[in-house]
Amino acid sequence: DGGITQSPKYLFRKEGQNVTLSCEQNLNHDAMYWYRQDPGQGLRLIYYSQIVNDFQKGDIAEGYSVSREKKESFPLTVTSAQKNPTAFYLCASSLLYSGVYGYTFGSGTRLTVV
Amino acid sequence: SQELEQSPQSLIVQEGKNLTINCTSSKTLYGLYWYKQKYGEGLIFLMMLQKGGEEKSHEKITAKLDEKKQQSSLHITASQPSHAGIYLCGADIRAEKLVFGKGTKLTVNP
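Residues numbered from 1 in each chain as written. Chains lettered and ligands numbered in written order. Predicted model: local features only at pLDDT ≥ 70, side-chain atom pairs only at ≥ 80, totals over all residues. Heavy atoms only, no water.

Peer 1: So what's going on with the sheet that holds strand S3 (residues 19–25) of chain B? Which residues, and what values?
Peer 2: All names here are of chain B. Read from one edge of the open sheet, five strands run S1-S3-S8-S7-S6, paired in antiparallel fashion. A strand with exactly one partner marks an edge of an open sheet, and here the two such strands are strand S1 (4–7) and strand S6 (55–58). The mean inter-strand angle of the sheet, taken between neighbouring strand axes irrespective of direction, is 15°. Summarising the sheet, S1 and S3 pair through four bridges and their orientation is antiparallel. Note that in S3 the partner of Ser7 across the bridge is Asn22. (Pairing = 2+ DSSP bridges. Helix = DSSP H or I, 4+ residues; strand = E, 2+ residues; numbered from the N terminus. Axes fitted to C-alpha atoms, helices over the stretch in contact; angles between N-to-C directions.)

Peer 1: Provide a residue-level description of the layout of surface pockets, including the pertinent values.
Peer 2: Considering only enclosed or pocket space, the largest pocket measures out at about 380 Å³ in volume. Lining of the largest pocket is provided by 18 residues; of these, Gln37(A), Asp38(A), Pro39(A), Gly40(A) and Ile86(B) occupy positions nearest its centre. Those elements giving two or more residues to the lining of the largest pocket turn out to be strand S4 (31–38) of chain A together with strand S9 (85–91) and strand S11 (104–109) of chain B. Broken down by class, the residue content of the lining of the largest pocket amounts to five nonpolar, nine polar and four charged. (1 Å grid on protein atoms, 1.4 Å probe; cavity = no way out; pocket = protein on both sides within 12 Å on 5 of 7 lines; lining within 4 Å. Points joined across faces, edges and corners; volume = space filled by probe spheres on them. Nonpolar A, V, L, I, M, F, W, Y, C, P; charged D, E, K, R; others polar.)

Peer 1: I'd like to hear about the interface of chain A and chain B, residue by residue, with values.
Peer 2: Where interface size is given, it is often the accessible area lost as the parts come together that is meant. Every contact between the two is made by 23 residues of chain A and, on the other side, 19 residues of chain B. Summed over both partners, the interface of chain A with chain B buries about 1,800 Å², with 50% contributed by carbon and sulfur atoms. Linking chain A with chain B are zero salt bridges. Within the residue set of the side of chain A that touches chain B, elements represented by two or more residues are S4, strand S5 (42–51), strand S9 (87–94) and strand S10 (103–105) of chain A. Here the element with the most residues in the side of chain A that touches chain B is S5(A); it accounts for five residues. Classifying every residue of the side of chain A that touches chain B by side-chain character gives ten nonpolar, ten polar and three charged. (Contact = heavy atoms within 4.5 Å. Buried area = accessible area lost by both parts, 1.4 Å probe. Salt bridge = Lys/Arg side-chain N within 4 Å of Asp/Glu carboxyl O.)

Peer 1: Residues and numbers for a nonpolar patch on the surface, please.
Peer 2: Residues Tyr10(A), Phe12(A) and Val114(A) make up a contiguous nonpolar surface patch of roughly 370 Å² in combined accessible area. Classification of Phe12(A) as exposed rests on a relative accessible area of 55%. (Patch = residues over 30% accessible without salt bridge, like charges linked within 9 Å, V, L, I, M, F, W, Y side chains within 5 Å. Areas by Shrake-Rupley, 256 points an atom, 1.4 Å probe, with all protein chains shown as cover. Buried < 20%, exposed > 50% of the residue type's maximum accessible area, 1.4 Å probe, protein only.)

Peer 1: Let's hear about the pairing of strand S5 (residues 43–49) of chain B: which residues, and what values?
Peer 2: A regular strand carries its side chains on alternate faces of the sheet. Residue and element names in this part refer to chain B. Across the seven residues that make up S5, a large majority, five, are buried. As defined by bridge partners, strand S4 (residues 32–37) adjoins S5 across six bridges and the pair is classed as antiparallel. Following the sheet pairing, Tyr35 is matched in S5 by Phe45. Between the antiparallel neighbours S4 and S5 lie five residues, among them Gly40 with a positive phi of about 75°.

Peer 1: Describe unusual backbone geometry, and please don't skip the residues or the numbers.
Peer 2: In the segment running from Ser7(A) into Pro8(A), the intervening peptide bond is cis, with an omega of -10°. Of the consecutive residues Ser7(B) and Pro8(B), the connecting peptide bond is found in the cis state with omega at -5°. For Asn53(A), which is not a glycine, the phi torsion comes out positive at approximately 65°. Along the chain, Asn53(A) falls in the loop between S5 and strand S6 (54–57).

Peer 1: Describe in detail the environment of Leu65(B), supporting the description with residues and values.
Peer 2: Residues and elements named next belong to chain B. Within the secondary structure, Leu65 is located in strand S7 (residues 61–65). According to the relative accessible area criterion, Leu65 is buried, its value standing at 2%. Residues Leu65 and Leu29, spaced 36 residues apart in sequence, show a C-alpha to C-alpha distance of 9.1 Å.

Structure (structure tokens):
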């Protein structure tokens with residue numbers, strides 16, 4: 001079955017460490033997105049990519065980095081520059097000009113700083 | 001400022017009661033999506049609305065997009081405990097990106 005796989009489901013990070021969250025899709029979707037969710041804040045866009053080797057900053061990109069070397073993969077690195085990384089992270093994908101087809105979401109990664 | 005305003009923030013209802021959640025934008029919505037989320041899990045797609053005046057239903061959930069395409073409502077009829085969760089509206093307000101409201105937490109008491 002097609003879908004988006006995020007891993008790991010839970011991740012713990014020590015202060016000053018970089019960690020990478022994985023997002024893989026086999027839907028042949030062009031665009032991929034990373035969102036951060038905090039209690040009471042809804043989802044906020046971190047980065048998005050519409051094509052391989054290209055990506056754009058979202059509303060809260062500071063302290064994060066991404067790459068898009070393959071169409072199927074869009075990993076997110078939470079760097080030590082992100083001062084408050086504890087949150088729930090969601091990856092999504094869509095066809096370009098998705099209007100009709102919508103967005104598909106992964107099951108999320110919960111990151112905790114210890 | 002929040003581009004999509006959702007109300008109410010939380011809602012507690014007795015099983016069997018009807019309820020409505022609203023999603024309002026100051027800009028024209030080109031695609032309005034409703035998702036449901038269980039705590040700590042991904043988003044489950046419910047419905048998408050594109051045309052002004054459009055209305056869609058799935059089981060006991062109905063969503064409408066007003067004629068001006070700036071407000072949507074999600075209505076649940078005869079709520080059940082299985083309806084509990086966080087309901088999020090998302091919209092294509094800016095080109096090629098989906099923005100979200102802050103969500104409505106629904107509790108259904110048996």
